[in-house]
Amino acid sequence: MINTMIANMMPFMPKSLVRAFAKKYVAGKFPEDAFRITKELNEEGALGTIDLLGEFNKEEKKARATVDMYKLVLDNIVSQNLGTNISIKPTAFGALLDMDFCTKNLTEVISYAYDKKVFVRIDMEDHPYTDFTIDLYLKLNKDMPGSCGTVLQSYMKRNLDDIRNITANIDKANIRLCKGIYKEPEKVAYHNRKKVQENFLESLDLLFENKAYVGIATHDDVLIDGAYDLIKKHKLTKEEYEFQMLLGVRSELRKKLLADGHTLRIYTPFGEDWLPYSIRRLKENPAIVGSAIKGFLTGGK
Ligand SMILES: Cc1cc2nc3c(=O)[nH]c(=O)nc-3n(C[C@H](O)[C@H](O)[C@H](O)COP(=O)(O)OP(=O)(O)OC[C@H]3O[C@@H](n4cnc5c(N)ncnc54)[C@H](O)[C@@H]3O)c2cc1C
(Lines give C-alpha, C1' and ligand atoms only; values in the text may rest on other atoms or scores of the structure.)
Protein backbone atom coordinates (compact mmCIF):
# COMPACT_ATOMS: atom_id res chain seq x y z
CA MET A 1 0.00 0.00 0.00
CA ILE A 2 2.76 2.43 1.06
CA ASN A 3 4.89 1.23 -1.87
CA THR A 4 1.98 1.92 -4.26
CA MET A 5 1.56 5.44 -2.83
CA ILE A 6 5.28 6.14 -3.24
CA ALA A 7 5.23 4.74 -6.80
CA ASN A 8 2.31 7.07 -7.65
CA MET A 9 4.22 10.06 -6.25
CA MET A 10 7.31 9.30 -8.38
CA PRO A 11 6.47 11.79 -11.17
CA PHE A 12 6.59 14.61 -8.59
CA MET A 13 9.83 13.59 -6.89
CA PRO A 14 13.33 14.92 -7.69
CA LYS A 15 14.83 13.08 -10.66
CA SER A 16 17.90 12.02 -8.65
CA LEU A 17 15.70 10.21 -6.14
CA VAL A 18 13.65 8.42 -8.80
CA ARG A 19 16.85 7.38 -10.55
CA ALA A 20 17.95 5.52 -7.42
CA PHE A 21 14.76 3.44 -7.55
CA ALA A 22 14.73 3.04 -11.29
CA LYS A 23 18.30 2.35 -12.31
CA LYS A 24 17.91 -1.42 -12.46
CA TYR A 25 15.43 -1.14 -15.34
CA VAL A 26 17.59 1.01 -17.62
CA ALA A 27 21.10 0.29 -18.96
CA GLY A 28 22.10 3.96 -18.61
CA LYS A 29 21.96 7.26 -20.47
CA PHE A 30 24.37 6.47 -23.30
CA PRO A 31 24.59 3.88 -26.10
CA GLU A 32 27.86 2.62 -24.55
CA ASP A 33 25.83 1.65 -21.46
CA ALA A 34 23.53 -0.49 -23.61
CA PHE A 35 26.54 -2.13 -25.33
CA ARG A 36 28.16 -2.88 -21.96
CA ILE A 37 24.97 -4.45 -20.55
CA THR A 38 24.47 -6.43 -23.77
CA LYS A 39 27.98 -7.87 -23.45
CA GLU A 40 27.21 -8.89 -19.85
CA LEU A 41 23.95 -10.52 -20.96
CA ASN A 42 25.73 -12.34 -23.78
CA GLU A 43 28.31 -13.67 -21.30
CA GLU A 44 25.44 -14.96 -19.17
CA GLY A 45 24.04 -16.77 -22.24
CA ALA A 46 21.19 -14.33 -22.99
CA LEU A 47 20.53 -12.14 -26.02
CA GLY A 48 19.42 -8.51 -26.00
CA THR A 49 17.09 -6.14 -27.77
CA ILE A 50 18.25 -2.53 -27.47
CA ASP A 51 15.63 0.22 -27.12
CA LEU A 52 16.33 3.95 -27.24
CA LEU A 53 13.96 5.62 -24.76
CA GLY A 54 11.91 8.58 -25.95
CA GLU A 55 8.34 7.56 -26.76
CA PHE A 56 5.42 10.00 -27.35
CA ASN A 57 7.84 12.49 -28.86
CA LYS A 58 6.35 15.65 -30.42
CA GLU A 59 9.48 17.13 -32.02
CA GLU A 60 10.55 16.53 -35.61
CA LYS A 61 14.20 17.17 -34.72
CA LYS A 62 14.10 14.55 -31.98
CA ALA A 63 12.54 11.99 -34.32
CA ARG A 64 15.40 12.48 -36.77
CA ALA A 65 17.94 12.25 -33.91
CA THR A 66 16.31 8.93 -32.99
CA VAL A 67 16.95 7.64 -36.53
CA ASP A 68 20.60 8.68 -36.27
CA MET A 69 21.06 7.13 -32.83
CA TYR A 70 19.61 3.80 -33.97
CA LYS A 71 22.00 3.81 -36.94
CA LEU A 72 24.90 4.30 -34.52
CA VAL A 73 23.57 1.42 -32.41
CA LEU A 74 23.30 -0.80 -35.51
CA ASP A 75 26.86 0.06 -36.56
CA ASN A 76 28.09 -0.98 -33.13
CA ILE A 77 26.04 -4.18 -33.04
CA VAL A 78 27.95 -5.25 -36.14
CA SER A 79 31.41 -3.86 -35.29
CA GLN A 80 31.33 -5.19 -31.70
CA ASN A 81 29.58 -8.43 -32.70
CA LEU A 82 26.88 -7.96 -30.04
CA GLY A 83 24.22 -10.64 -29.57
CA THR A 84 21.27 -8.28 -29.81
CA ASN A 85 18.67 -6.83 -32.13
CA ILE A 86 16.78 -3.53 -31.72
CA SER A 87 13.27 -2.54 -30.65
CA ILE A 88 11.67 0.63 -32.00
CA LYS A 89 8.51 2.57 -31.12
CA PRO A 90 6.45 4.49 -33.73
CA THR A 91 5.77 7.43 -31.38
CA ALA A 92 9.53 7.97 -30.96
CA PHE A 93 9.78 8.41 -34.74
CA GLY A 94 7.08 11.04 -35.13
CA ALA A 95 3.73 9.15 -35.08
CA LEU A 96 2.24 12.01 -33.05
CA LEU A 97 3.32 14.52 -35.70
CA ASP A 98 2.63 12.96 -39.08
CA MET A 99 2.18 9.32 -40.05
CA ASP A 100 4.03 9.65 -43.39
CA PHE A 101 7.01 11.26 -41.67
CA CYS A 102 6.95 8.48 -39.06
CA THR A 103 6.71 5.74 -41.72
CA LYS A 104 9.65 7.24 -43.60
CA ASN A 105 11.79 7.31 -40.43
CA LEU A 106 10.87 3.76 -39.37
CA THR A 107 11.51 2.44 -42.88
CA GLU A 108 14.89 4.18 -42.98
CA VAL A 109 16.02 2.41 -39.78
CA ILE A 110 14.61 -0.97 -40.82
CA SER A 111 16.29 -0.75 -44.26
CA TYR A 112 19.59 0.19 -42.62
CA ALA A 113 19.27 -2.77 -40.23
CA TYR A 114 18.24 -5.11 -43.08
CA ASP A 115 21.45 -4.26 -44.95
CA LYS A 116 23.39 -5.17 -41.81
CA LYS A 117 21.29 -8.33 -41.23
CA VAL A 118 20.03 -7.12 -37.86
CA PHE A 119 16.41 -7.89 -37.00
CA VAL A 120 14.10 -5.07 -35.86
CA ARG A 121 11.14 -5.45 -33.50
CA ILE A 122 8.43 -2.80 -33.91
CA ASP A 123 7.01 -2.43 -30.39
CA MET A 124 3.24 -2.13 -29.99
CA GLU A 125 2.00 1.03 -28.32
CA ASP A 126 -1.57 1.99 -27.41
CA HIS A 127 -4.60 1.18 -29.56
CA PRO A 128 -4.64 4.24 -31.89
CA TYR A 129 -1.44 2.78 -33.39
CA THR A 130 -2.39 -0.91 -33.61
CA ASP A 131 -3.59 -0.90 -37.24
CA PHE A 132 -0.74 1.34 -38.34
CA THR A 133 1.88 -0.93 -36.73
CA ILE A 134 0.46 -4.17 -38.13
CA ASP A 135 0.01 -2.69 -41.63
CA LEU A 136 3.59 -1.38 -41.62
CA TYR A 137 4.88 -4.77 -40.49
CA LEU A 138 2.99 -6.54 -43.30
CA LYS A 139 4.20 -4.05 -45.90
CA LEU A 140 7.87 -4.06 -44.84
CA ASN A 141 7.96 -7.85 -44.75
CA LYS A 142 6.84 -7.92 -48.37
CA ASP A 143 9.59 -5.46 -49.38
CA MET A 144 12.30 -6.85 -47.05
CA PRO A 145 11.38 -10.42 -46.00
CA GLY A 146 12.39 -11.27 -42.41
CA SER A 147 13.58 -7.73 -41.70
CA CYS A 148 11.23 -7.09 -38.82
CA GLY A 149 8.54 -8.38 -36.51
CA THR A 150 5.97 -6.76 -34.30
CA VAL A 151 4.24 -7.22 -30.95
CA LEU A 152 0.74 -8.41 -30.04
CA GLN A 153 -0.90 -7.75 -26.68
CA SER A 154 -3.17 -10.33 -25.07
CA TYR A 155 -5.25 -7.68 -23.29
CA MET A 156 -6.54 -6.61 -26.72
CA LYS A 157 -9.92 -8.12 -27.58
CA ARG A 158 -8.94 -8.19 -31.27
CA ASN A 159 -5.78 -10.23 -30.66
CA LEU A 160 -6.84 -13.58 -32.14
CA ASP A 161 -8.15 -11.82 -35.28
CA ASP A 162 -4.83 -10.00 -35.64
CA ILE A 163 -2.97 -13.30 -35.40
CA ARG A 164 -5.18 -14.84 -38.12
CA ASN A 165 -4.66 -11.79 -40.35
CA ILE A 166 -0.88 -11.66 -39.89
CA THR A 167 -0.26 -15.39 -40.28
CA ALA A 168 -2.48 -15.51 -43.38
CA ASN A 169 -0.29 -12.82 -44.95
CA ILE A 170 3.20 -13.86 -43.83
CA ASP A 171 4.59 -17.39 -44.14
CA LYS A 172 6.83 -17.20 -41.10
CA ALA A 173 5.47 -14.40 -38.90
CA ASN A 174 7.72 -13.12 -36.11
CA ILE A 175 5.68 -11.95 -33.16
CA ARG A 176 6.50 -10.89 -29.61
CA LEU A 177 3.51 -11.80 -27.46
CA CYS A 178 2.97 -9.84 -24.22
CA LYS A 179 0.05 -8.83 -22.02
CA GLY A 180 0.15 -5.10 -22.91
CA ILE A 181 1.18 -2.18 -20.71
CA TYR A 182 -1.00 0.81 -21.70
CA LYS A 183 -4.18 2.06 -20.00
CA GLU A 184 -6.76 1.00 -22.57
CA PRO A 185 -10.56 1.47 -22.49
CA GLU A 186 -12.70 -1.58 -21.79
CA LYS A 187 -14.15 -1.23 -25.29
CA VAL A 188 -10.87 -2.51 -26.76
CA ALA A 189 -9.07 -4.36 -23.97
CA TYR A 190 -9.78 -6.90 -21.24
CA HIS A 191 -9.19 -5.56 -17.74
CA ASN A 192 -9.61 -8.88 -15.97
CA ARG A 193 -6.21 -10.47 -15.15
CA LYS A 194 -7.45 -14.03 -15.64
CA LYS A 195 -9.00 -13.19 -19.01
CA VAL A 196 -5.73 -11.56 -20.15
CA GLN A 197 -3.84 -14.70 -19.10
CA GLU A 198 -6.34 -16.99 -20.91
CA ASN A 199 -6.11 -14.86 -24.05
CA PHE A 200 -2.30 -14.96 -23.85
CA LEU A 201 -2.22 -18.76 -23.88
CA GLU A 202 -4.92 -19.04 -26.55
CA SER A 203 -2.95 -16.54 -28.66
CA LEU A 204 0.30 -18.46 -28.14
CA ASP A 205 -1.39 -21.72 -29.16
CA LEU A 206 -2.76 -20.10 -32.33
CA LEU A 207 0.60 -18.52 -33.19
CA PHE A 208 2.40 -21.86 -32.80
CA GLU A 209 -0.32 -23.61 -34.83
CA ASN A 210 0.31 -21.10 -37.62
CA LYS A 211 4.08 -21.63 -37.52
CA ALA A 212 4.98 -18.18 -36.19
CA TYR A 213 8.29 -17.58 -34.41
CA VAL A 214 7.21 -16.20 -31.02
CA GLY A 215 9.04 -14.10 -28.46
CA ILE A 216 7.17 -15.14 -25.31
CA ALA A 217 7.45 -11.91 -23.31
CA THR A 218 6.30 -12.39 -19.73
CA HIS A 219 7.49 -12.81 -16.13
CA ASP A 220 4.20 -14.39 -15.05
CA ASP A 221 4.70 -17.96 -13.77
CA VAL A 222 1.22 -19.03 -14.93
CA LEU A 223 2.09 -17.99 -18.49
CA ILE A 224 5.61 -19.43 -18.37
CA ASP A 225 4.22 -22.80 -17.23
CA GLY A 226 1.50 -22.58 -19.90
CA ALA A 227 4.12 -21.77 -22.54
CA TYR A 228 6.23 -24.79 -21.48
CA ASP A 229 3.12 -27.00 -22.02
CA LEU A 230 2.43 -25.47 -25.46
CA ILE A 231 6.06 -25.85 -26.56
CA LYS A 232 5.72 -29.56 -25.70
CA LYS A 233 2.28 -29.86 -27.37
CA HIS A 234 3.62 -28.40 -30.64
CA LYS A 235 6.90 -30.36 -30.36
CA LEU A 236 8.96 -27.22 -30.98
CA THR A 237 12.74 -27.11 -31.10
CA LYS A 238 14.48 -24.25 -29.32
CA GLU A 239 15.11 -22.53 -32.67
CA GLU A 240 11.35 -22.02 -33.11
CA TYR A 241 10.61 -19.63 -30.20
CA GLU A 242 12.32 -17.60 -27.49
CA PHE A 243 11.48 -16.18 -24.09
CA GLN A 244 11.82 -12.44 -23.49
CA MET A 245 12.09 -10.46 -20.27
CA LEU A 246 12.68 -6.87 -19.19
CA LEU A 247 16.05 -5.73 -17.82
CA GLY A 248 15.97 -5.69 -14.02
CA VAL A 249 12.94 -7.92 -13.57
CA ARG A 250 13.02 -11.37 -11.87
CA SER A 251 16.67 -12.33 -12.33
CA GLU A 252 16.03 -15.74 -10.72
CA LEU A 253 13.52 -16.55 -13.49
CA ARG A 254 16.12 -15.44 -16.03
CA LYS A 255 18.54 -18.04 -14.64
CA LYS A 256 15.89 -20.77 -14.67
CA LEU A 257 14.89 -20.17 -18.31
CA LEU A 258 18.54 -20.32 -19.38
CA ALA A 259 19.23 -23.40 -17.25
CA ASP A 260 16.23 -25.11 -18.87
CA GLY A 261 17.93 -24.57 -22.24
CA HIS A 262 15.63 -21.91 -23.73
CA THR A 263 16.73 -18.95 -25.81
CA LEU A 264 16.24 -15.81 -23.72
CA ARG A 265 16.28 -12.18 -24.85
CA ILE A 266 16.40 -9.22 -22.47
CA TYR A 267 14.81 -5.86 -23.37
CA THR A 268 17.59 -3.33 -22.75
CA PRO A 269 16.50 0.33 -22.76
CA PHE A 270 18.90 3.26 -22.63
CA GLY A 271 18.76 7.02 -23.12
CA GLU A 272 18.20 10.41 -21.58
CA ASP A 273 14.43 9.84 -21.47
CA TRP A 274 14.60 7.14 -18.80
CA LEU A 275 12.07 8.78 -16.46
CA PRO A 276 8.62 7.86 -17.93
CA TYR A 277 9.78 4.30 -18.72
CA SER A 278 11.09 3.80 -15.19
CA ILE A 279 7.96 5.20 -13.57
CA ARG A 280 5.85 2.77 -15.60
CA ARG A 281 7.98 -0.15 -14.43
CA LEU A 282 7.81 1.01 -10.80
CA LYS A 283 4.02 1.40 -10.93
CA GLU A 284 3.82 -2.09 -12.40
CA ASN A 285 5.60 -3.52 -9.38
CA PRO A 286 5.50 -1.16 -6.37
CA ALA A 287 7.18 -3.86 -4.24
CA ILE A 288 10.46 -2.79 -5.84
CA VAL A 289 10.09 0.59 -4.08
CA GLY A 290 10.17 -1.23 -0.75
CA SER A 291 13.26 -3.22 -1.62
CA ALA A 292 15.04 -0.08 -2.91
CA ILE A 293 14.32 1.73 0.37
CA LYS A 294 15.59 -1.32 2.27
CA GLY A 295 18.71 -1.25 0.06
CA PHE A 296 19.29 2.43 0.97
CA LEU A 297 18.86 1.82 4.67
CA THR A 298 21.07 -1.25 4.80
CA GLY A 299 23.69 0.09 2.40
CA GLY A 300 22.73 -2.65 -0.05
CA LYS A 301 23.66 -5.45 2.43
C1 LIG B 1 10.58 -8.15 -23.54
C2 LIG B 1 9.30 -7.42 -23.30
C3 LIG B 1 8.85 -6.52 -24.23
C4 LIG B 1 7.62 -5.85 -24.05
N5 LIG B 1 7.13 -5.06 -25.06
C6 LIG B 1 5.91 -4.50 -24.92
C7 LIG B 1 5.29 -3.81 -26.01
O8 LIG B 1 5.83 -3.68 -27.10
N9 LIG B 1 4.06 -3.28 -25.80
C10 LIG B 1 3.41 -3.41 -24.59
O11 LIG B 1 2.28 -2.92 -24.47
N12 LIG B 1 3.98 -4.05 -23.55
C13 LIG B 1 5.20 -4.60 -23.69
N14 LIG B 1 5.75 -5.30 -22.64
C15 LIG B 1 5.15 -5.21 -21.28
C16 LIG B 1 4.13 -6.29 -21.04
O17 LIG B 1 3.00 -6.02 -21.84
C18 LIG B 1 3.70 -6.35 -19.57
O19 LIG B 1 3.14 -5.15 -19.17
C20 LIG B 1 4.81 -6.69 -18.60
O21 LIG B 1 5.66 -7.67 -19.14
C22 LIG B 1 4.24 -7.25 -17.29
O23 LIG B 1 3.46 -8.39 -17.53
P24 LIG B 1 3.89 -9.88 -17.11
O25 LIG B 1 3.38 -10.80 -18.16
O26 LIG B 1 5.32 -9.95 -16.83
O27 LIG B 1 2.98 -10.19 -15.84
P28 LIG B 1 2.91 -9.49 -14.42
O29 LIG B 1 1.78 -10.18 -13.74
O30 LIG B 1 2.84 -8.02 -14.52
O31 LIG B 1 4.25 -9.87 -13.72
C32 LIG B 1 4.53 -11.18 -13.24
C33 LIG B 1 5.52 -11.07 -12.11
O34 LIG B 1 6.75 -10.54 -12.61
C35 LIG B 1 7.31 -9.64 -11.68
N36 LIG B 1 7.35 -8.30 -12.26
C37 LIG B 1 6.59 -7.80 -13.25
N38 LIG B 1 6.93 -6.52 -13.53
C39 LIG B 1 7.92 -6.20 -12.67
C40 LIG B 1 8.69 -5.04 -12.43
N41 LIG B 1 8.51 -3.93 -13.13
N42 LIG B 1 9.65 -5.08 -11.48
C43 LIG B 1 9.86 -6.20 -10.74
N44 LIG B 1 9.15 -7.32 -10.91
C45 LIG B 1 8.19 -7.33 -11.85
C46 LIG B 1 6.46 -9.68 -10.45
O47 LIG B 1 6.97 -10.68 -9.60
C48 LIG B 1 5.12 -10.10 -11.00
O49 LIG B 1 4.33 -10.74 -10.05
C50 LIG B 1 6.92 -6.03 -22.84
C51 LIG B 1 7.38 -6.94 -21.88
C52 LIG B 1 8.54 -7.65 -22.11
C53 LIG B 1 8.97 -8.66 -21.09
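All values reported here derive from a predicted model rather than from experimental measurement.

Caption draft 1: Up close: unusual backbone geometry. Phi at Phe56 takes a positive value of approximately 50°, unusual for a residue other than glycine. The backbone of Asn81 shows a phi angle near 55°, a positive value even though the residue is not glycine. Structurally, Asn81 can be placed in the loop between α4 (60-79) and β2 (84-88). Taking relative accessible area as the criterion, Asn81 reaches 68% and is therefore assigned exposed.

Caption draft 2: The arrangement of the side chain of Asn199 in detail. Summarising the element assignment, Asn199 is placed in helix α8 (residues 193-209). We classify Asn199 as buried; its relative accessible area is 4%. Side-chain polar atoms of Asn199 contact the backbone oxygen of Ser154, separated by 2.8 Å. Setting aside its immediate chain neighbours within four residues, Asn199 contacts Ser154, Met156, Asn159, Leu160 and Tyr190.

Caption draft 3: Region of the structure containing the site of the ligand. Looking at the ligand, there are 25 residues lining it, with Lys179, Gly180, Thr218, His219 and Asn285 nearest. With respect to the ligand, the backbone of Met124 contributes an N or O atom lying 2.8 Å from a nitrogen atom. Interatomic distance of 3.0 Å between a backbone N/O atom of Ile181 and an oxygen atom of the ligand. For the ligand, whose accessible area on its own is 940 Å², the fraction buried by protein is 86%. For the shell around the ligand, the secondary structure elements donating two or more residues are β4 (148-153), β5 (174-178), β7 (241-246) and α11 (274-284).

Caption draft 4: Layout of the environment of Asn42. Looking at the element boundaries, Asn42 is found in helix α3 (residues 31-44). Through-space distance from the C-alpha of Asn42 to that of Met124 is 25 Å; in sequence the pair is 82 residues apart. Non-local contacts of Asn42, meaning those with residues more than four positions away in its chain, are made with Leu47, Leu82 and Gly83. Within polar-contact distance, the side chain of Asn42 engages the backbone nitrogen of Gly83 at 2.8 Å.

Caption draft 5: Summary view of the packing of aromatic side chains. Counted according to the given criterion, the structure contains 4 aromatic pairs. Taking the centre distance of 5.9 Å and the plane angle of 55° together, the rings of Tyr228 and Phe243 count as tilted. Here Tyr228 is found in helix α9 (residues 221-233), whereas its partner Phe243 is found in strand β7, with 15 residues between them in sequence. Since its relative accessible area comes to 0%, Phe243 is described here as buried. Sitting over the face of the ring of Tyr190, Lys195 holds its NZ or CZ atom 5.1 Å from the ring centroid.

Caption draft 6: Representation of the domain arrangement of the protein chain. For the protein chain, the assigned domains are domain 1 (1-25 + 272-301) and domain 2 (27-270). Taking the mean C-alpha position of each, domain 1 and domain 2 sit 25 Å from one another. Taken together, the contacts link 10 residues of domain 1 with 15 residues of domain 2. In total, about 1,200 Å² of surface goes out of reach between domain 1 and domain 2, with carbon and sulfur atoms giving 54% of it. For the domain 1 face of the interface with domain 2, the top three residues by lost area are Glu272, Tyr277 and Arg280, together amounting to 44%. At the junction of domain 1 and domain 2, the tally comes to 1 salt bridge.

Caption draft 7: Main features of the packing of helix α7 (residues 159-169) against α8. Running from N to C, α7 and α8 point in directions that differ by 10°, and their axes come no closer than 10 Å. Classed by the angle they form, the pair α7 and α8 counts as roughly parallel. Considering how the two elements wind past one another, α7 and α8 form a crossing that is right-handed. The residues of α8 that touch α7, namely those facing Asn159, Leu160, Ile163 and Arg164, are Asn199, Glu202, Ser203, Leu206 and Leu207. Looking at the contact of α7 with α8, its residues break down into 4 nonpolar, 3 polar and 2 charged.

Caption draft 8: Seen up close, helix α5 (residues 99-115). Its 17 residues place the ends of α5 24 Å apart at the C-alpha level, agreeing with the 24 Å of an ideal helix rising 1.5 Å per residue. Within α5 the residues assigned to the buried category are Phe101, Cys102, Asn105, Leu106, Val109, Ile110 and Ala113. Each buried residue of α5 lies within a common arc of 160° when the element is viewed along its axis, so the set occupies one face. Pointing more than 90 degrees away from the buried face of α5 are the exposed residues Asp100 and Asp115. The inward-facing, buried residues of α5 abut α4, β2, β3 (120-122), α6 (130-143) and β4.

What counts, and where the lines are drawn
Residues numbered from 1 in each chain as written. Predicted model: local features only at pLDDT ≥ 70, side-chain atom pairs only at ≥ 80, totals over all residues. Heavy atoms only, no water. Helix = DSSP H or I, 4+ residues; strand = E, 2+ residues; numbered from the N terminus. Buried < 20%, exposed > 50% of the residue type's maximum accessible area, 1.4 Å probe, protein only. Polar contact = N/O pair within 3.5 Å; in protein donor to acceptor, adjacent residues only side chain to side chain. Contact = heavy atoms within 4.5 Å. Near = heavy atom within 4 Å. Areas by Shrake-Rupley, 256 points an atom, 1.4 Å probe, with all protein chains shown as cover. Phe/Tyr/Trp six-rings, centres within 6.5 Å; stacked < 30°, edge-to-face > 60°. Lys NZ or Arg CZ within 6 Å of the ring centre and 35° of its normal. Domains from an automatic or database assignment. Buried area = accessible area lost by both parts, 1.4 Å probe. Salt bridge = Lys/Arg side-chain N within 4 Å of Asp/Glu carboxyl O. Axes fitted to C-alpha atoms, helices over the stretch in contact; angles between N-to-C directions. Parallel < 35°, antiparallel > 145°, perpendicular 65-115°, else oblique. Left-handed = near helix turned anticlockwise from the far one by under 90°. Nonpolar A, V, L, I, M, F, W, Y, C, P; charged D, E, K, R; others polar. Expected span 1.5 Å × (residues − 1). Arc of directions from axis to C-beta.

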